[in-house]
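Architecture at a glance
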Amino acid sequence: MNRNRTWMILLLLLSLSAAPAAAGFDGWFTGDTLRVDLYHSGTAAEERIALGRLRIEGPWPGSRTRLLDETGLGKYRVEVVALPSNRVIYSRGFASIYGEWETTGEANQGVWNTIEEAVRIPEPKARFQLRLMKRASDQTFAQLWTRTIDPASRFVDRSPVPPADVVEIEVHGDPATKVDLLILGDGYAADRRDKFLADARKARDALFAVDPFKKRRKDFNTRAIWTPSPEQGVARPRAGVYRETPLGARYNTFDSERYVLSLEDKRWRDVAAAAPYDTVLILVDERKYGGGGIFNLYATAAADSAYADYLVVHEFGHSFAGLGDEYYSSSVAYEKFTAPDVEPWEPNITALLDPEKLKWADLVDGTPLPTPWGKEAYDAESRAYQERRNAMRAEGASEAEMEALFDEVKKESTATLAAEKHAGKVGAFEGAMYESRGLYRPRADCIMFTRNDVGFCPVCSRAIEQVIDLLSR
Ligand SMILES: [Zn+2]
């Protein structure tokens with residue numbers, strides 16, 4: 001009898017210590033969201049973090065049961081550490097604009113830059129340690145920065161979030177058990193509210209037309225916030241066009257022609273704070289092809305491009321699930337994105353250092369590794385297309401002309417890749433994430449590889465579903 005009781009107490013204690021985060025949301029957290037603004041500075045060799053503003057932003061929209069991020073995604077990870085127990089009570093992987101900037105040529109030359117970023121966490125009830133972890137070259141996380149924060153201090157801004165024009169596009173339930181997608185618009189002139197909402201619904205339709213978003217549609221809520229801009233369009237510095245827009249979105253990030261990001265983190269987050277959100281899509285009211293996506297930050301897309309639907313889905317793949325680009329032939333600004341002798345953290349890219357331990361081995365069905373494919377012929381086709389694209393751009397071709405070229409390439413490459421011996425099968429196809437050699441993608445074709453209508457490959461789909469689970473349960 002006594003022995004049984006001892007065992008029961010022991011089991012009870014064990015179960016308490018084994019699942020503190022799962023049982024503990026109401027014990028650890030107030031239920032509100034704490035936004036921590038940061039300044040992320042450095043060069044390719046040095047990195048510094050400084051604390052900015054602390055701000056309470058409405059009810060916590062994330063999961064209250066899955067507090068620890070076990071997906072392993074992200075170049076960085078934020079951890080909330082309870083004191084004095086030093087127990088990690090919340091964690092979440094993310095990437096950042098800084099994380100890309102530090103791989104550019106300028107950063108390699110020792111030029112310093114400061115990029116604003118923020119982490120949003122459930123507000124702890126007591127003093128806690130905020131810890132930023134960064135992936136080391138061996139891919140394990142090491143502490144980059146830490147700071148003790150007292151939520152009760154006068155440095156935490158508790159003023160009400162200003163109201164905004166929030167529109168519910170499609171709501172399926174409580175933010176705590178749904179993925180809350182927030183669509184923002186930049187460069188929309190004041191008389192374009194209806195156009196913005198139509199664009200937001202079109203983006204929602206594009207996303208939920210593709211699996212696994214399609215089959216998990218009811219795990220999402222979609223809202224939009226209308227934010228008028230003083231005039232039409234966003235900044236395009238390479239074309240000499242400058243616009244002061246409310247969210248700060250612009251083309252030519254890192255001097256890349258089609259890369260649309262906002263470096264004004266505080267500005268867009270102050271707008272976004274009016275609605276619950278786990279993930280953000282920023283539409284720009286532009287025809288010019290462009291977009292961007294940073295894991296656990298936001299995705300951007302040009303709403304009027306003929307390829308807007310593709311842009312939304314592809315860029316959202318980056319921002320939502322940390323998917324890497326599977327393409328390798330386009331010219332991009334990163335000069336040293338991933339050393340091919342290290343296994344990348346991106347779930348859909350492998351260096352195939354040990355085929356036996358391939359991270360998606362369970363999805364491979366008898367395909368040889370690496371998987372032979374007609375790379376030489378594809379590369380020749382691709383090079384010819386790049387040359388035409390560059391020449392057309394140099395001649396100032398219109399968006400309609402560029403889109404016609406995309407259509408041609410899409411038709412050709414869809415047929416070429418579908419004719420592959422191992423088309424449709426999961427394997428390890430050489431050529432991925434800006435590297436022609438040494439990095440491999442999971443399938444001959446995927447929306448992270450081309451603009452073709454082939455959806456996400458099974459490896460990308462699985463990574464997306466893992467994040468949906470993390471945010472909606
Ligand atoms: Zn893929």
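Residues numbered from 1 in each chain as written. Predicted model: local features only at pLDDT ≥ 70, side-chain atom pairs only at ≥ 80, totals over all residues. Heavy atoms only, no water.

**Some words on the overall build of the protein**
- Of regular secondary structure, the protein possesses eleven helices and 18 strands.
- The C-alpha atoms of the protein give 23 Å as radius of gyration, which agrees with the globular expectation for 473 residues (23 Å, within 12%).
- Counting only C-alpha atoms and orienting by the principal axes, one finds that the protein spans roughly 80 × 55 × 45 Å.
- Looking at the protein residue by residue over its 473 residues, the buried ones come to 55%.
- Taking the intrachain contacts of the protein between residues at least 6 apart in sequence as the baseline, contacts between residues at least 24 apart amount to 67%.
- The distance from the centre of the 62 positive side-chain charges to the centre of the 71 negative ones in the protein is 5 Å. (Helix = DSSP H or I, 4+ residues; strand = E, 2+ residues; numbered from the N terminus. Rg over C-alpha atoms; globule rule 2.2 N^0.38 Å. Buried < 20%, exposed > 50% of the residue type's maximum accessible area, 1.4 Å probe, protein only. Contact = heavy atoms within 4.5 Å. Lys, Arg positive; Asp, Glu negative; His and termini not counted. Charge placed at Lys NZ, Arg CZ, Asp CG, Glu CD.)

**Topic: helix 6 (residues 193-207)**
- In this model, helix 6 (15 residues) spans 21 Å end to end at C-alpha, consistent with the 21 Å of a helix rising 1.5 Å per residue.
- Along helix 6, the positions that sit buried rather than exposed are Lys195, Phe196, Leu197, Asp199, Ala200, Ala203, Arg204, Ala206 and Leu207.
- Residues of helix 6 that are buried make contact with strand 9 (165-170), strand 10 (179-186), strand 11 (220-226), strand 14 (279-284) and helix 8 (308-321). (Expected span 1.5 Å × (residues − 1).)

**What to know about the coordination of the zinc ion**
- Bound to the zinc ion are the protein donor atoms Glu326 (OE), Cys446 (SG), Cys457 (SG) and Cys460 (SG), situated 2.1 to 2.4 Å from the metal.
- Look at where the donors of the zinc ion fall in the sequence and you get E-x119-C-x10-C-x2-C. With a gap of 134 residues between them, Glu326 in the loop between helix 8 and helix 9 (375-394) and Cys460 in helix 11 (residues 458-472) connect regions that are remote in the sequence. (Donors = N, O, S within 2.8 Å, 3.2 Å for Na, K, Ca; no water.)

**A few points about the confidence of the model for the protein**
- The predicted model of the protein averages 93 in pLDDT, with 93% of residues at 70 or higher.
- Low pLDDT (under 50) marks residues 11-22, which in the prediction has eight contacts with non-local residues, meaning those over four places away or in another chain.
- The low-confidence segment residues 330-334 (pLDDT under 50) makes nine contacts with residues lying over four places distant or belonging to another chain. (pLDDT = per-residue confidence, 0-100.)

**Regarding the domain arrangement of the protein**
- Each assigned domain of the protein is listed here: domain 1 (26-157), domain 2 (165-321) and domain 3 (355-451).
- Spacing between the C-alpha centres of domain 1 and domain 3 amounts to 35 Å. (Domains from an automatic or database assignment.)

**Brief notes about the pairing of strand 5 (residues 113-124)**
- Counting buried positions over the twelve residues of strand 5 gives nine, a clear majority of the element.
- With eleven bridges joining them, strand 1 (residues 29-42) and strand 5 adopt antiparallel strand pairing. Along strand 5, the bridge assignment pairs Leu34 with Ile121. (Pairing = 2+ DSSP bridges.)

**Considering the sheet that holds strand 7 (residues 141-149)**
- Pairing within the open sheet is antiparallel, and its four strands lie in the order 4-3-6-7. Each edge of the open sheet carries a strand with a single partner, namely strand 4 (88-94) and strand 7. On average, each strand axis in the sheet is inclined to that of its neighbour by 20°, with strand direction left out of account.
- In this sheet, strand 4 lies alongside strand 3 (residues 76-82) in antiparallel orientation, the contact comprising six bridges. Along strand 4, the bridge assignment pairs Glu79 with Ser91. (Axes fitted to C-alpha atoms, helices over the stretch in contact; angles between N-to-C directions.)

**Quick look at the packing of aromatic side chains**
- Taken as a whole and assessed by the stated rule, the structure comprises 24 aromatic pairs.
- Summarising the aromatic geometry, the rings of Tyr98 and Trp101 are spaced 6.1 Å apart at their centres and angled 45° between planes, so their arrangement reads as tilted. Taken together, the residues Tyr98 and Trp101, both in helix 4 (residues 97-101) and three residues apart, mark about one turn of the helix. For the pair Tyr98 and Trp101, a shared accessibility class is recorded, and that class is buried.
- A centroid spacing of 5.4 Å and a plane angle of 80° characterise the contact between Tyr307 and Phe406, whose relative ring orientation is edge-to-face. Of this pair, Tyr307 sits in the loop between strand 16 (298-302) and helix 8 while Phe406 sits in helix 10 (residues 399-418), and the two are 99 residues apart along the sequence. For the pair formed by Tyr307 and Phe406, the shared burial category is buried.
- Members of the aromatic cluster, connected to one another through ring pairs, are Phe208, Phe213, Phe220, Phe316, Phe320 and Phe456.
- Over the ring of Tyr277 we find Arg120; its NZ or CZ atom is 3.8 Å from the centre of that ring. (Phe/Tyr/Trp six-rings, centres within 6.5 Å; stacked < 30°, edge-to-face > 60°. Lys NZ or Arg CZ within 6 Å of the ring centre and 35° of its normal.)

**Let's talk about the nonpolar core**
- If you look at the biggest cluster of nonpolar residues, it comprises 114 residues, and the most contacted ones within it are Leu130, Leu184, Phe213, Trp268, Leu283, Phe320 and Phe456.
- Among the nonpolar cores identified, the runner-up in size contains 14 residues, and Tyr378, Leu417, Phe429 and Leu439 belong to it. (Core = buried A, V, L, I, M, F, W, Y, C linked by side-chain atoms within 4.5 Å.)

**A short note on helix 7 (residues 265-272)**
- Along helix 7, the positions that sit buried rather than exposed are Asp265, Trp268, Arg269, Val271 and Ala272. Across the axial projection of helix 7, the buried residues extend over an arc of 155°, all falling on one side. (Arc of directions from axis to C-beta.)

**As for the pattern of salt bridges**
- The full count for this structure, using the stated rule, is 46 salt bridges.
- The shortest N-O distance in the salt bridge between Lys215 and Glu465 comes to 3.1 Å. Separated by 250 residues along the polypeptide, Lys215 in the loop between helix 6 and strand 11 and Glu465 in helix 11 bring together distant segments of the chain.
- Classification of Lys215 by relative accessible area gives exposed; the value is 57%.
- Here Glu343 and Lys359 are joined by a salt bridge, their closest N and O atoms 3.0 Å apart. Taken together, the positions of Glu343 in the loop between helix 8 and helix 9 and Lys359 in the loop between helix 8 and helix 9 put the pair 16 residues apart, joining distant regions of the chain.
- A relative accessible area of 31% means that Lys359 is categorised as partly exposed.
- Through salt bridges with shared partners, a single network forms among Arg35, Asp37, Arg53, Glu57, Arg120 and Asp270. (Salt bridge = Lys/Arg side-chain N within 4 Å of Asp/Glu carboxyl O.)

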